[in-house]
Amino acid sequence: NKVQESCNARVGLVGNPSDQFNGKTLALLLGNFEATVWIEALPPGDSRVLIPSDPEADGTEFKGGLHSLQATVDVYGYYGTLRILQAACK
């Protein structure tokens, strides 16, 4: 009862799909990077939504102190993946 799909990353160079130019954009697919999503069925009556976080990108504990926190932010940015997934589900 698990459905899994993947897609390549895309980088937009020019344009905005929601602007007033009828969504015209110039973008490239990046074959070396992908996102994978899966959905699993829960027992009947269970309406939970579980978004597993990535302990590296969405960590809340940094055993190396501020240096470890800074290194994580340098690689993953400030928000990680959790906020992006929450916004997509909204």
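Residues numbered from 1 in each chain as written. Predicted model: local features only at pLDDT ≥ 70, side-chain atom pairs only at ≥ 80, totals over all residues. Heavy atoms only, no water.

(A) Focus on the overall build of the protein. Broken down by element type, the protein carries 2 helices and 2 strands. Going from N to C terminus, the protein has its helices and strands arranged as β-β-α-α. A sequence separation of at least 24 residues applies to 42% of the contacts in the protein between residues at least 6 apart. Counting only carbon and sulfur atoms, one obtains 56% of the accessible surface of the protein, whose full area is about 8300 Å². (Helix = DSSP H or I, 4+ residues; strand = E, 2+ residues; numbered from the N terminus. Contact = heavy atoms within 4.5 Å. Areas by Shrake-Rupley, 256 points an atom, 1.4 Å probe, with all protein chains shown as cover.)

(B) Region of the structure containing the packing of aromatic side chains. What the rule picks out here adds up to 0 aromatic pairs. Cation over ring: lysine 2 sits above tryptophan 38, and NZ or CZ is 5.2 Å from the ring centre. (Phe/Tyr/Trp six-rings, centres within 6.5 Å; stacked < 30°, edge-to-face > 60°. Lys NZ or Arg CZ within 6 Å of the ring centre and 35° of its normal.)

(C) Spatial organisation of the pairing of strand E1 (residues 2–15). Across the 14 residues of E1, 0 count as buried, placing the element largely on the outside. Sheet analysis places E1 next to strand E2 (residues 25–40), joined by 13 bridges and oriented antiparallel. For serine 6, the partnering residue across the bridge sits in E2 and is threonine 36. (Buried < 20%, exposed > 50% of the residue type's maximum accessible area, 1.4 Å probe, protein only. Pairing = 2+ DSSP bridges.)

(D) A look at helix H1 (residues 65–76). Between its first and last C-alpha, H1 extends 17 Å over 12 residues, near the 16 Å set by a 1.5 Å rise per residue. With its phi angle positive at about 80°, glycine 77 sits one or two positions after the end of H1. (Expected span 1.5 Å × (residues − 1).)

(E) Summary view of the environment of glycine 15. With respect to the helices and strands, glycine 15 occurs in strand E1. In this structure, the C-alpha to C-alpha distance between glycine 15 and alanine 27, residues 12 residues apart in sequence, is 8.6 Å. When sequence neighbours within four positions are dropped, the list of residues in contact with glycine 15 reads Lys24 and Thr25.

(F) Highlighting the confidence of the model for the protein. Across the protein, pLDDT averages 79, with 84% of residues at or above 70. Averaged pLDDT values over the elements of the protein bottom out at 71 in helix H2 (residues 82–89) and peak at 87 in E1. (pLDDT = per-residue confidence, 0-100.)

(G) Main features of the side chain of threonine 72. Structurally, threonine 72 can be placed in helix H1. From its side chain, threonine 72 meets the backbone oxygen of serine 68 in a polar contact 3.0 Å long. (Polar contact = N/O pair within 3.5 Å; in protein donor to acceptor, adjacent residues only side chain to side chain.)

(H) Highlighting a nonpolar patch on the surface. Residues Val11, Leu13, Val14, Leu26, Leu28, Leu30 and Phe33 make up a contiguous nonpolar surface patch of about 630 Å² in total accessible area. Taken together, the elements giving at least two residues each to the nonpolar patch come down to E1 and E2. Here valine 11 shows up in strand E1. Residue valine 11 is classed as partly exposed on the basis of its relative accessible area of 32%. (Patch = residues over 30% accessible without salt bridge, like charges linked within 9 Å, V, L, I, M, F, W, Y side chains within 5 Å. Salt bridge = Lys/Arg side-chain N within 4 Å of Asp/Glu carboxyl O.)

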